[in-house]
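# What the coordinates show
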Amino acid sequence: MTSKQTLSDWRTSALQLEQQINRVVVGQQAAVRNLLIAVFARGHVLLEGQVGVGKTTLLRAVAQGLGGQYQRIEGTIDLMPADLIYYTYLNSEGRPCVDPGPLLKQGEQLSVFFFNEINRARPQVHSLLLRVMAERSIGAFNREYRMPHIQVFADRNRVEKEETFELPAAARDRFFMEITIDTPRDDAVLDDLMFNPRYHDVDALIGEMAAGQIPYYQLNDWASAIQQSIQPTPALRKYALDLWKATADPLAFGIKLIDVEMDQLLQAGASPRGISYLIRAAKVRAWLENRDSLLPEDLQSVYAVTMSHRIFLNPMYSYRKDELIPTLIDSILNQIAAP
C-alpha cells in the first residue's frame, strides 16, 4: 500500500514540474494544470487552439519533464495508417529498406505522441490511433508491439475546414480531456513573448528544463495509487451522478437556455466512460490540492474539459455549438446544488 509520505513526495515532484512548464509556456496556467491532471490520470488529450499558441512547445515541455521519448506526426489528407508504423526508402546502395515509423521507433520508451491536425487525416488513420490509445499496443510485422507508457495528444485545425475529416463521436469520447489553449490576454505576457529573446528559441527554452523529473515508466503505478487514495462521500457520489445525468436530460433538472427548445437540443449526452474520466480527473485535482477526499470544486474544476466534447447537439443546433455547449455546461454547474 502506498504511504501518505510517498503520495506527498509525488505531489511535490508534480508541482515542481508544473512550475517549470509554466516558465516555458507563459500565460497558460489553466491549460498546464489540466494537462498535468491528464498526465497523472493517464488519459489522452485533444487540444484546441489557434495556430502558433504554443501547443507543440507545451507538449515538448511535458515530454522533457517525463523523460520518455517524444514523437510527432502531421495529419495530412494522404496520410495512411501504415505511415504511423513504418516507412520505406532506398539506402545508399539503392536497395529498398524498411524502418520503424513514429509509433514503433522508440519502442516501450515512447511516452508522448503528438498528432498534429488530426482532422486532416483520414478515418482509417483515426481508427489505428484509437486502437493504440485504447490498448497501448499495435500489431505489425507479424508481432505485437507494446507501448505501455504512451500518452496521445492530438490537436484539431480549427481554422481551415477544406480537406478535413471531423472526428466522430466515438473517437472524441476516447479522449480523456479536450483542453482549449487560447492566445494569452495579458499585455505583459504578450509583450514578453514578442520581445524577450528567451521565447524565440524553442529548443533552448525546452533545454532549460531538467529531463526526467517524473519517471514516465512509473506513472501507471502512480496513477493507480492516486485513484485508490482519494475517496468520495455518498453525497458527492449523488452530486456527480446528477452532473452526469444533466448532460443527457438537462430539462429534467430545470435547465433552460434562451432561444432553445430543450427537448430538441441534444443528440447524446456524456457516456459512462466520460463520467468515469470526470471522477479520475477530480481525484487527481484533489491530490494536487493535498487532500485525500473529493470536494465539489474538484468536480466543478474539471467538468468542462472532461464533458464538453462528449455532449452532442442535434443538427438543428450544431451550428451554434461553440455558443451553446459552454452555456449548457455553466447552466448545469449553476443549477445543480453542490453538497
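Everything below is about the structure shown above.
Residues numbered from 1 in each chain as written. Predicted model: local features only at pLDDT ≥ 70, side-chain atom pairs only at ≥ 80, totals over all residues. Heavy atoms only, no water.

### What to know about helix H1 (residues 4-24)
- Across its 21 residues, H1 extends 31 Å between first and last C-alpha, which sits within 8% of the 30 Å expected from 1.5 Å per residue.
- Looking at H1, one finds that the buried residues are Leu7, Trp10, Arg11, Ala14, Leu17, Glu18, Gln20, Ile21, Asn22 and Val24.
- As for H1, its buried residues are in contact with helix H2 (29-41), helix H3 (55-66), helix H8 (202-207), helix H9 (219-229) and helix H11 (272-288). (Helix = DSSP H or I, 4+ residues; strand = E, 2+ residues; numbered from the N terminus. Expected span 1.5 Å × (residues − 1). Buried < 20%, exposed > 50% of the residue type's maximum accessible area, 1.4 Å probe, protein only. Contact = heavy atoms within 4.5 Å.)

### What about the nonpolar core?
- One finds Phe40, Leu66, Leu265 and Trp287 to be the most contacted residues of the largest nonpolar core, which totals 81 residues.
- Counting residues in each nonpolar core, the second largest holds 27 residues, with Leu79, Ile85, Ala121 and Leu167 among its members. (Core = buried A, V, L, I, M, F, W, Y, C linked by side-chain atoms within 4.5 Å.)

### With respect to the environment of Leu46
- Inspection of the secondary structure assignment puts Leu46 in strand S1 (residues 45-49).
- Excluding its chain neighbours within four sequence positions, the residues that come into contact with Leu46 are Ile118, Ala154, Arg156, Leu167, Phe175, Met177, Glu178 and Ile179.

### Details of the packing of H2 against H11
- Look at H2 against H11: their axes get within 9 Å of each other, and the N-to-C directions meet at 110 degrees. Between H2 and H11, the interaxial angle falls into the category roughly perpendicular. Residues Arg33, Leu36, Ile37, Phe40 and Ala41 of H2 lie in contact with H11, whose contacting residues are Arg280, Ala281, Val284, Arg285, Trp287 and Leu288.
- Residues that form the contact of H2 with H11 fall into these classes: eight nonpolar, no polar and three charged. (Axes fitted to C-alpha atoms, helices over the stretch in contact; angles between N-to-C directions. Parallel < 35°, antiparallel > 145°, perpendicular 65-115°, else oblique. Nonpolar A, V, L, I, M, F, W, Y, C, P; charged D, E, K, R; others polar.)

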